[in-house]
Amino acid sequence: MKCPPSAGAMLVLGVLVLAAALGTRAAHAQQGGFFEPEPEPATEGTPPENALDKTDLEFFLRHLYVMNSEIDFEISDYKPSSIEGLMEVTLTATQGNRTHQRSYFVSKDGGSIIEGRSYDITENPFHENLEKLSNLGRPAFGKEGAPVVIAVFSDFQCPYCAKEAKVLRTQVAQDYPDNVRVYFHDYPLKRHKWAYQAAVAGQCIQQLDPQAFWTYHDWIFENQRSITEQNLDDKVGEFASTHGLDTVKLSPCITQQETRPGVDESIRLGRDLGIRSTPTMYVNGRRLTGNVRWAQIKQVIDYEIAYQKVTNNAGDDCGCQVELDIPGRN
């Protein structure tokens, strides 16, 4: 039986990885806060004493990062961590459309907190995301069984999504015809007035003709600026007629919103993953947010291709599916 890595080694590794990922942002946070608010220190209450008390923890962290009351604080429930003797908690700080998350370890006496996260070196470092991600039935392009999977959570009304979509649709086929498979997940944001209905229409088209979905995907992003909440249905109808889709079958699906449960399920998955903005993509479980340059995505893909040759613990066919033991089958 393998011995697990020591708690100290795992914790140090987690802190080092977090520090590397945050880089100068972490240093800036210590100096002026995540969102650069005007300092507004608390002038009432009692000094914090117990990090297992959410009020005390919030008081301490607001001072640590200079976060005023205009920044919404959400502290998760405490749960046992993978390191014996420590609890784990996550802070989500939100201001407008900007969100930042950090995880902390808390000693069981509530006297100390440690910023960072732990890793089990025997598992894929992104296994938690991989376990949550389900690409079954989602629109996809690229070779089945590829060692690298990109799961994209996107919004048809988001201009940054349009830019990212064009990059992926062009570069993946050109640079990685055999090594990358891309899955599309709907994540329409509430502030975008026609994005949800566009997602419903997209899933109707996917059900009718999976290949036509990608034509729709490219078309709606290319014509994004000319689409409004008022003309969306007409525009989609024109698209369907122009591209030879069976409008007799398609129209009722769209008007009756038959695919709404599928869109809602995609949104629930995104929320479960903690997605706060679009586009957000997962490259073999590694989260990349915003309009990421292709050079950066390519670097991650290249690392993953090499890594999967050794580990085979991610990708479109990682060999990790659990088969049911069906009685009578040899």
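Attention in this report is confined to the structure presented alongside it. (Residues numbered from 1 in each chain as written. Predicted model: local features only at pLDDT ≥ 70, side-chain atom pairs only at ≥ 80, totals over all residues. Heavy atoms only, no water.)

1. Regarding the pairing of strand E7 (residues 148-154)
Across the 7 residues of E7, 7 count as buried, placing the element largely inside the fold. Burial of the side chains of E7 extends over both faces: Val148, Ile150, Val152 and Ser154 are buried on one face and Val149, Ala151 and Phe153 on the other. In this structure, E7 lies alongside strand E8 (residues 180-186), joined through 7 bridges in parallel fashion. Across the sheet, Val148 pairs through a bridge with Val180, a residue of E8. The handedness of the E7 to E8 crossover, carried by helix H5 (residues 159-175), is right-handed. Strand direction decides the pairing type here: E7 and strand E9 (residues 280-283), joined by 4 bridges, are antiparallel. (Buried < 20%, exposed > 50% of the residue type's maximum accessible area, 1.4 Å probe, protein only. Helix = DSSP H or I, 4+ residues; strand = E, 2+ residues; numbered from the N terminus. Pairing = 2+ DSSP bridges. Right-handed = clockwise from strand over helix to strand, strands pointing away.)

2. Let's talk about unusual backbone geometry
Residue Thr278 is joined to Pro279 through a cis peptide bond whose omega torsion reads -5°. Mapped onto the secondary structure, Pro279 falls in the loop between helix H10 (260-272) and E9. With a phi angle near 50°, Gln257 is a residue other than glycine that sits in the positive phi range. By the element assignment, Gln257 lies in the loop between helix H9 (247-255) and H10.

3. What to know about the pairing of strand E3 (residues 86-95)
Of all the 10 residues making up E3, 8 are buried; the element is thus mostly covered by neighbouring parts of the structure. Both strand E1 (residues 72-75) and E3 contribute to a ladder of 4 bridges, which runs antiparallel. Residue Asp72 lies in a different strand from E3, and its bridge partner there is Thr94. Alignment of strand E2 (residues 79-80) against E3, held across 2 bridges, turns out to be antiparallel. In the strand pairing of E3, Pro80 is matched with Met87. With antiparallel pairing between neighbouring strands as the criterion, E2 and E3 make up a hairpin whose turn holds 5 residues, including Gly85 at a positive phi of roughly 95°. Taking the residues between adjacent antiparallel strands as the criterion, E3 and strand E4 (residues 98-107) are bridged by 2 residues, where Gly96 takes a positive phi near 65°.

4. Description of the side chain of Thr280
Tracing the sequence through the fold places Thr280 in strand E9. Residue class for Thr280 comes out buried when judged on its relative accessible area of 1%. Reaching out from Thr280, the side chain makes a polar contact with the backbone oxygen of Ser277 at a distance of 2.7 Å. (Polar contact = N/O pair within 3.5 Å; in protein donor to acceptor, adjacent residues only side chain to side chain.)

5. Notes on helix H7 (residues 210-222)
Its 13 residues place the ends of H7 19 Å apart at the C-alpha level, agreeing with the 18 Å of an ideal helix rising 1.5 Å per residue. Listing the buried residues of H7 in full gives Ala212, Phe213, Trp214, Tyr216, His217, Trp219, Ile220 and Phe221. (Expected span 1.5 Å × (residues − 1).)

6. Considering the state of the cysteines
Using the criterion set out here, one finds 1 disulfide in the structure. A sulfur-sulfur distance of 2.1 Å marks the disulfide that ties Cys204 to Cys253. Looking down the S-S bond of the Cys204 and Cys253 bridge, the torsion is -85°, so its handedness is left-handed. On the criterion of sequence distance, the pair formed by Cys204 in helix H6 (residues 195-208) and Cys253 in helix H9 is long-range, its members being 49 residues apart. For Cys253, a relative accessible area of 6% corresponds to the buried category. (Disulfide = S-S within 2.5 Å.)

7. What to know about the pattern of salt bridges
Applying the stated criterion across every chain yields a total of 11 salt bridges. When the shortest N-O distance is used, the salt bridge between Arg276 and Glu74 registers 4.0 Å. With Arg276 in the loop between H10 and E9 and Glu74 in strand E1, the pair connects residues that are 202 residues apart, well separated along the chain. Its relative accessible area of 46% is what places Glu74 among the partly exposed residues. Notably, a salt bridge pairs Arg286 with Glu304, separated by 3.9 Å at the nearest N-O pair. Separated by 18 residues along the polypeptide, Arg286 in strand E10 (residues 286-289) and Glu304 in helix H11 (residues 294-311) bring together distant segments of the chain. Overall, the relative accessible area of 4% leaves Glu304 in the buried class. (Salt bridge = Lys/Arg side-chain N within 4 Å of Asp/Glu carboxyl O.)

8. Points about the nonpolar core
Counting residues in hydrophobic clusters, the biggest one holds 45 residues, and the most contacted among them are Ile150, Phe156, Tyr216, Ile220 and Ile301. Top contributing element to this core by residue count: H7, with 7 residues. Residues in contact with Ile220, not counting those within four places in the same chain, are Phe156, Trp194, Ala198, Ile227 and Leu232. (Core = buried A, V, L, I, M, F, W, Y, C linked by side-chain atoms within 4.5 Å. Contact = heavy atoms within 4.5 Å.)

9. A short note on H11
For H11, which comprises 18 residues, the first-to-last C-alpha distance of 25 Å matches the rise-based estimate of 26 Å (1.5 Å per residue) to within 8%. Residues of H11 that are buried include every one of Trp294, Ile297, Val300, Ile301, Glu304, Ile305 and Gln308, and no others. When H11 is viewed along its axis, its buried side chains cluster within an angular range of 145° and face the same direction. Facing away from the buried side of H11, by more than 90 degrees, are the exposed residues Tyr303, Lys309 and Val310. In this fold, the buried residues of H11 make contact with E7, H5, E8, E9 and E10. Asn312, located one to two residues past H11, shows a positive phi value of around 50°. (Arc of directions from axis to C-beta.)

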